[in-house]
Every structure is written in C-alpha cells, then in structure tokens.
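Given next are the chains, with one letter for each unit.
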Amino acid sequence: MAKITLDNLAHSYLPNPKGEDDFALKELNHDWADGEAYALLGSSGCGKSTLLNIISGLLHPSQGRILFDGVDVTQASTADRNIAQVFQFPVVYDTMTVRDNLAFPLKNRGASPHYIADRVQQIAKMIGMEAELGNRARGLTADAKQKISLGRGMVREDVNALLFDEPLTVIDPHMKWELRTQLKSLHHEFGHTMIYVTHDQTEALTFADKVVVMYDGRVVQIGTPEELFDKPQHTFVGYFIGSPGMNVIPASVAGSDAVVHGAAVKLGQSFGPLDGKVEIGVRPEFVTLTDGEGVPVKVRRVEDVGRHKIIRADLFGNEINIVAGEGQSISPDMNRVTFDPKRVNVYVNDWLKEGEAAQ
Ligand code: ADP
Ligand code: MG
C-alpha cells in the first residue's frame, strides 16, 4: 500500500488547451494517505474518471506528476503501479469459469496454487458466488459478472491501491448495500488505500473516511462527512450533500449581521467588508418556521418523510427548505423563519468565508 501524491496535476483532452475551461481536470495538489478509504464524489462529467484513470495509469496527465510513496510513477504503466481497478461495467473472461476469473490476477503474479485456491474461496464467499465457482462466466447476468469484476479487484492483497469507478451501477439495490458493506470490511481488514468513485452521496458518506467532492473539474472540498455537513467550503458542496441540500440565500453582510431582503439575520461570526456575490448558507435542519420574528416566507408544501417533515417554502423568490420534527404542528400563521446563528455560513463568490468570533 502506498501514499499517493498528486503534484501540480491537471489534464486536458485537447492537444493545445488555451484556458482553464479546456481542462477536464483543473490543477490539483493532494496527498491520498496510505491506508485510507476515500470517496470521490460529484455529478456526471465533473472529472472523476479522468482523475481515477490518471492515478491508475490508464491516462497520462497533460501536466504534473504522480508519486507513490515519494517515487515518481507518472510515466509508469498500470501493471507497474501495482493497482487494482474496477470499472462501472463488468470486465470478465466469458470463456473462463468464475473460479479462473477470480484466480487470474493471482496466477498472473505467480502465486502458489494452494494460496490461490484459499483466496479465491474467500473472495467467492464475500461476493456470494461460492456455488457458481465452476460455472463459465458466459451466460451469467450482468450483476453476477460485475460481482466477479469486484472480486477480481479485491483478490490481491499486495496492491498499492484499490480503485473503484462507480462499480455498483448495475447491481440491484439490496446487493449494493451488501457489497458496499463487504468493501468496507475489506478495508478494515487489509487497510488498503481505496478510492471509490460515485455520484451518490449516500454511497460516498457510508463508505469513506474522507470524501473528495469534485465540481466542474475541480476538487472543491476534501473532508469527513461531518465536515462536509457542517462547513461546506463551496456552495456546491452545500447543495450536493444533504437531503435536502443547504439553503443558499443572497444577503448583505456587515459585522455579525446579515440582511436578507430587508430582514435581519444574526450570524455566529463577524465579518469585515465583503466584495463580490455574497450569500448565506444554512442547512434545512437549522431553520425554524415560526409565527414570531424572522424572515418572511410563504409555505408551499409540507412533505412527511417519516422521521421528520420537510417544509418547502418561498423566501422572496428563493426556494427554501426547512426540516421540522415529526411532532411539530404547522399552522397557517407560521410565516417567518429563523436561523441558528452558529449554523449560518457566509459565502463570497461561492466559497466559504471564515469570519472572526462574534462578540
Ligand atoms: P465523470 O467520471 O465525473 O463523469 P469524466 O472524467 O468522465 O467525468 O469526464 C470529465 C470531462 O472530460 C467531461 O466533460 C467529458 O466529456 C470529458 N472527457 C472524458 N473522457 C474524454 C475523452 N476520452 N476525450 C475527450 N473528452 C473526454
Ligand atoms: Mg465516470
């Protein structure tokens, strides 16, 4: 296993990139700690596969270097990097049995037959395919084939890193949960450096120690699930993580007060003069609907989602979401909202602005 360093890395698929817009991956410097489980999270097209393929060596970056434990591997092949990668769609040898498919990476590296037999059995159990070991892969369903691909990715214990690129897309929902749990326990057991690409926040947040959020070719935040929830560094992280996501509302800010369409909002921090597009961000969990003081809203809809209610309201043309307790009654005269001051973040041009502790 290895620490992976990305040094000034960037990638454009164009031969002569002109500006930043021509880069599918904008310049990036980052260390992936040895033995940690990361999720790479972002919407389709934001550059996740590009980054993963650069780490594995399938793609050579147009700029910068990749180091494994301090050794430059930028020009090294995937095989030399000693990495296992699992893709979105199954890659299996149809004419081989399930057993031979799973054994393939071990045979390739000259493992002993005894070890191979044991290890294949162990992996078959993990992916729930012990009964099918003797069957040929041809004729199996797509999700069975994908389980073989996953098994093949996990079979070697001596890899530098395990990379997964949306590997559960074709797997049915129940098995998805089970395989994700298996991957997690595999990580606990062997301590591989793992990078798991997904566009699904639940998958990312349940799998990883650290989540790397990408937006438009850029890594916008790397943090624990708690950090992404409490302090989104970019408004995109706020929207993308959480259900519903963070409310982002245009405001003006002076000292420890914000003004939203003429209504005052207290902040937990104090700010100097701010230049640019200023917004406040507050998660629906920290908004309270009241019939007292606060910012005027019009309630549009109340959704009962079991453990709590989600209130959809209009705040001077901005949709705002409020999470309320299951037992809370909502009456027609509740037409104001208040925010928990300590939970209100301030954004300038979409990036989080840290202030001073308010008096
Ligand atoms: P993701 O995996 O997050 O969906 P990708 O890394 O596949 O995103 O793609 C990032 C951007 O690079 C997209 O705009 C995509 O169209 C572009 N892209 C991906 N692969 C290629 C390629 N082989 N040639 C040209 N453009 C590509
Ligand atoms: Mg992709």
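Here the structure is a predicted model, which is why all the values come from computation and not from measurement.

Student: Please give an account of the packing of helix α5 (residues 142–154) against helix α6 (residues 173–190) that cites residues and values.
Tutor: The description of two helices packed together rests on the angle between their axes and the distance between the axes. Axis separation between α5 and α6 bottoms out at 12 Å; the angle between their running directions is 5°. Regarding the angle of α5 to α6, the classification is roughly parallel. Each of Lys-147, Leu-150 and Met-154 in α5 lies in contact with α6, whose residues at this interface are Met-175, Leu-179, Leu-183 and Leu-186. Of the residues belonging to the contact of α5 with α6, the class tally is six nonpolar, no polar and one charged.

Student: Please provide a residue-by-residue account of the sheet that holds strand β10 (residues 218–223), values included.
Tutor: Strands sit in the order β6-β7-β8-β3-β9-β10 across an open sheet of six strands; the sheet is mixed. Two strands bound the open sheet, and with one partner strand each, they are β6 (83–86) and β10. The average undirected angle you get between the axes of adjacent strands in this sheet is 15°. Strand direction decides the pairing type here: strand β3 (residues 37–41) and strand β9 (residues 210–215), joined by four bridges, are parallel. If you follow Leu-40 over to β9, its bridge partner there is Val-212. Where helix α1 (residues 48–56) meets the sheet, it contacts β3, β6, β7 (161–165), β8 (194–198) and β9, and its direction lies at approximately 155° from that of β7. Contacting β6 and β7, α5 crosses the sheet at an angle of about 165° to β6.

Student: Tell me about the site of ligand 1, and name the residues and values.
Tutor: Close to ligand 1 lie Tyr-13, Ala-24, Ser-43, Ser-44, Gly-45, Cys-46, Gly-47, Lys-48, Ser-49 and Thr-50. Within the backbone of Gly-45, a nitrogen or oxygen atom sits 2.7 Å from an oxygen atom of ligand 1. Ser-49 places a side-chain nitrogen or oxygen 2.9 Å from an oxygen atom of ligand 1. Here ligand 1 loses 53% of its free accessible area of 560 Å² to cover by the protein chains. By residue class, the composition of the shell around ligand 1 is three nonpolar, six polar and one charged.

Student: Tell me about the nonpolar core, and please be specific about residues and values.
Tutor: Membership of the largest hydrophobic core comes to 46 residues, with the highest contact counts inside it found for Leu-102, Ile-148, Phe-164 and Val-211. With five residues, the top contributor of residues to this core is helix α4 (residues 113–126). With residues near it in sequence (within four places) discarded, Ile-148 still touches Val-92, Val-98, Asn-101, Leu-102, Ile-127, Met-129, Ala-137 and Leu-140. Within the second largest apolar cluster, 30 residues are counted, among which are Ala-258, Val-260, Leu-274 and Val-344.

Student: I'd like a description of the side chain of His-187, backed by residues and values.
Tutor: Take His-187: it is sitting in helix α6. If we skip the residues at most four places from it in the chain, His-187 touches Gly-35, Glu-36, Ala-37, His-192, Met-194 and Asp-209.

Student: Can you break down the pattern of salt bridges residue by residue, with the values?
Tutor: Summed over the entire model, instances satisfying the criterion amount to 17 salt bridges. In this structure, Asp-72 and Arg-65 form a salt bridge, with 3.8 Å as the shortest nitrogen-oxygen distance. Of the charged contacts, one joins Lys-107 and Asp-100 as a salt bridge, the two residues approaching to 3.5 Å between their closest N and O atoms. Classification of Asp-100 by relative accessible area gives partly exposed; the value is 30%. Overlapping salt bridges bring together Arg-301, Glu-303, Arg-312 and Glu-319 as one network.

Student: Describe a nonpolar patch on the surface, with residues and values.
Tutor: Together, Leu-58, Phe-87 and Val-91 give the surface a local cluster of nonpolar side chains, amounting to about 250 Å² of exposed area. For Val-91, the location among the structural elements is in the loop between β6 and α3 (98–108). Owing to a relative accessible area of 43%, Val-91 belongs among the partly exposed residues under this scheme.

Student: Quick one: what's the story with the domain arrangement of the chain, residue by residue and with numbers?
Tutor: Here the chain is described as being made up of domain 1 (4–240) and domain 2 (247–357). On the domain 2 side, the residues contacting the 13 residues of domain 1 number 13 residues. Buried surface at the junction of domain 1 and domain 2, both sides included, amounts to about 1,200 Å², of which 51% is carbon and sulfur. The largest contributions to the domain 1 side of the interface with domain 2 come from Phe-229, Lys-231 and Thr-235, which together make up 46% of the buried area. Across the domain 1-domain 2 interface, the total number found is one salt bridge.

Student: Which residues make up the sheet that holds strand β16 (residues 295–296), and what are the values?
Tutor: Judged by pairing direction, the sheet is antiparallel, and its three strands sit side by side in the order β15-β20-β16 without closing on themselves. Of all the strands in the sheet, just β15 (287–290) and β16 have a single pairing partner and so form its edges. Alignment of β16 against strand β20 (residues 336–339), held across two bridges, turns out to be antiparallel. When the bridges of β20 are listed, Pro-296 appears paired with Arg-336.

How each quantity is defined
- Residues numbered from 1 in each chain as written.
- Chains lettered and ligands numbered in written order.
- Predicted model: local features only at pLDDT ≥ 70, side-chain atom pairs only at ≥ 80, totals over all residues.
- Heavy atoms only, no water.
- Axes fitted to C-alpha atoms, helices over the stretch in contact; angles between N-to-C directions.
- Helix = DSSP H or I, 4+ residues; strand = E, 2+ residues; numbered from the N terminus.
- Parallel < 35°, antiparallel > 145°, perpendicular 65-115°, else oblique.
- Contact = heavy atoms within 4.5 Å.
- Nonpolar A, V, L, I, M, F, W, Y, C, P; charged D, E, K, R; others polar.
- Pairing = 2+ DSSP bridges.
- Near = heavy atom within 4 Å.
- Polar contact = N/O pair within 3.5 Å; in protein donor to acceptor, adjacent residues only side chain to side chain.
- Areas by Shrake-Rupley, 256 points an atom, 1.4 Å probe, with all protein chains shown as cover.
- Core = buried A, V, L, I, M, F, W, Y, C linked by side-chain atoms within 4.5 Å.
- Buried < 20%, exposed > 50% of the residue type's maximum accessible area, 1.4 Å probe, protein only.
- Salt bridge = Lys/Arg side-chain N within 4 Å of Asp/Glu carboxyl O.
- Patch = residues over 30% accessible without salt bridge, like charges linked within 9 Å, V, L, I, M, F, W, Y side chains within 5 Å.
- Domains from an automatic or database assignment.
- Buried area = accessible area lost by both parts, 1.4 Å probe.

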